[in-house]
Amino acid sequence: MKPASKMVRKSLLKPTLATVFTMLALYGFFTTFFFPIHTSPSKLEATLPSDASRTYSLVNAHSQNSRNSAFNSKPVKVYLYDLPRKFTYGVIESYSIARGSLKAPVDDVSLLKYPGNQHSAEWWLLKHLLRDDMYLDGSPVVRVSDPEEADLFYVPFFSSLSLVVNPIRPVSVLGSESVYSDEEMQDSLIEWLQAQGYWKRNNGWDHVFICQDPNALYKVIDQVKNGILLVSDFGRLRADQASLVKDVILPYSHRINPFNGEIGVEGRKSLLFFMGNRYRKEGGKVRDLLFQVLENEEDVVIKHGTQSRESRRMATQGMHSSKFCLHPAGDTPSACRLFDAIVSLCVPVIVSDHIELPFEDVLDYRKFAIFVDSNTAIKPGYLVKMLRRVNSKKILEYQKELKAVKRYFEYEDPNGTVNEIWRQVSMKLPLIKLMINRDKRLVKRDLTEPRADCSCLCSNQTGSHAIL
């Protein structure tokens, strides 16, 4: 009977060991991926006050996981194109000459200052890539000098500033009789790109363009749409030109000074504040309707105003002394006013039905902003009644969240907007590699009609290819 007993024990031992190993593997999986152990707080949390640190942890839970996975791996390698000077510092020069702040071109580019406007992301991104110590700040990307090593190629054309130069006045950068033309600059950029082997190699999929102004690169957008587009919204872009899957939403640069005080409602005497152009086109027509229902309400400050130094001073004062700040759609769904409100700790009230927002993979805007659809917002008395029902405790909660996320909208912050943009860009790399490989193995096809197999991935339904 002994041999039989041993056989029984052996037969029981194998499934028992298998069960134990399976349970241990499951335990390791769940503790690693669902309950990770954090031995010390992040540098950002350590610098926040205790209440803000807790709020940051709530708002940024997903962000921390994304950062850990991104920063523990190798940074994405970016090759910065050495564009002809006219596409970068030359645009600043042309702008300054047209505005009268510069009399003639300069040899020393350090004398040139990018004008303060809401589209300054193109300046900050270039400035970041030119730094030698960028990776020391935990940047998700690193600049490489050899294009053969690059994952991505950044095209630093100041497309938004170029658009603003266009209608100002003749400039003499290229000659005494020349007139600056943004359209010619766009054509010239494409001509330059098509002479680059790396542009043609992958049909532009691995190239990054910044076109923050809704009309930037409008003439050549179909020729660069394969690349990653850095935009503020999709208001002027068709579905086959841009999408959330392929492209990145940027915040505008805030135009007013941030509020550096503590949270609180005592110094915020106004219920709701808005200052901006009353009359806009397209979706922005809601502004005039909002003026009509709000301009006679008590504790509501709503003023028509255009961009000027005095307007910014008044807007700063108004946002810093109001509990809520209105953000209606303009000519396109987004505008810098939203980001002015965030850095002012003034709770944004967003009335823009088609708005896209930056960094929504890590930010839940409902925690620090109020969304109201346009049809409801223009009902007489609705907005004011709704906002008056929000008690002080809830306003303080909104302000805590605003203070915790404010860095995401500060281009000057070393751990702020620029790093977040590059993080978003770096996350597109797997899709880019997919589309590059897919392009190489697909036969030529007629995509004049929408094709579901492509549009869900790349929003490119026209089969645009670079000239080989």
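Residues numbered from 1 in each chain as written. Predicted model: local features only at pLDDT ≥ 70, side-chain atom pairs only at ≥ 80, totals over all residues. Heavy atoms only, no water.

**Q** So, the state of the cysteines: which residues are in play, and what are the values?
**A** Evaluation of the coordinates by the stated rule reveals one disulfide. Shown here is the disulfide that connects Cys 325 with Cys 346, its sulfur atoms set 2.1 Å apart. What sets the handedness of the Cys 325 and Cys 346 disulfide is the S-S torsion sign, and at about 105 degrees it is right-handed. Taken together, the positions of Cys 325 in strand E9 (residues 322-328) and Cys 346 in the loop between helix H13 (336-343) and strand E10 (347-351) put the pair 21 residues apart, joining distant regions of the chain. Each member of the pair, Cys 325 as well as Cys 346, is classed as buried. (Disulfide = S-S within 2.5 Å. Helix = DSSP H or I, 4+ residues; strand = E, 2+ residues; numbered from the N terminus. Buried < 20%, exposed > 50% of the residue type's maximum accessible area, 1.4 Å probe, protein only.)

**Q** Before we move on, could you go through the pattern of salt bridges and cite the residues and values that matter?
**A** By the definition in use, this model includes 15 salt bridges. In this structure, Glu 397 and Lys 394 form a salt bridge, with 3.7 Å as the shortest nitrogen-oxygen distance. Of the two residues, Glu 397 and Lys 394 are both situated in helix H16 (residues 392-405); the distance of three residues between them amounts to about one turn of the helix. On the basis of relative accessibility, which here comes to 35%, the residue Lys 394 falls in the partly exposed class. Among the ionic contacts, a cluster of salt bridges with common partners joins Asp 222, Lys 225, Arg 238 and Asp 240. (Salt bridge = Lys/Arg side-chain N within 4 Å of Asp/Glu carboxyl O.)

**Q** Break down the side chain of Ser 311 for me, with residues and values.
**A** With respect to the helices, strands and loops of the structure, Ser 311 is situated in helix H12 (residues 309-320). Discounting residues that sit within four places of it in the chain, Ser 311 has contacts with Met 275 and Thr 306. (Contact = heavy atoms within 4.5 Å.)

**Q** So, unusual backbone geometry: which residues are in play, and what are the values?
**A** The phi dihedral of Leu 345 is positive, around 55 degrees, even though this residue is not glycine. Relative to the elements of secondary structure, Leu 345 occurs in the loop between H13 and E10. In this structure, Phe 359 is a non-glycine residue whose phi angle is positive, near 60 degrees. Within the secondary structure layout, Phe 359 lies in the loop between E10 and strand E11 (370-371). Here Phe 359 falls in the buried class, since its relative accessible area comes to 2%.

**Q** Hey, could you go over the confidence of the model for the protein for me, with residue numbers and the actual values?
**A** Confidence along the protein averages 81 in pLDDT terms, with 75% of residues attaining 70 or more. Throughout residues 1-17 the model reports pLDDT below 50, and contacts reaching past four residues in sequence, or to other chains, amount to zero contacts. Predicted confidence is poor over residues 172-176, with pLDDT under 50, and the contacts of this stretch with residues over four places away or in other chains come to seven contacts. (pLDDT = per-residue confidence, 0-100.)

**Q** Talk me through the nonpolar core; I want residue IDs and the actual numbers.
**A** If you look at the biggest cluster of nonpolar residues, it comprises 113 residues, and the most contacted ones within it are Tyr 154, Leu 230, Leu 294 and Phe 324. Not counting the four nearest positions on each side in its chain, Leu 230 is found in contact with Leu 125, Tyr 154, Val 208, Phe 209, Ile 210, Cys 211, Gln 212, Val 248, Leu 250, Ile 421 and Val 425. Counting eight residues, the second largest nonpolar core, distinct from the first, contains Ile 256, Met 275, Ala 315 and Cys 346. (Core = buried A, V, L, I, M, F, W, Y, C linked by side-chain atoms within 4.5 Å.)

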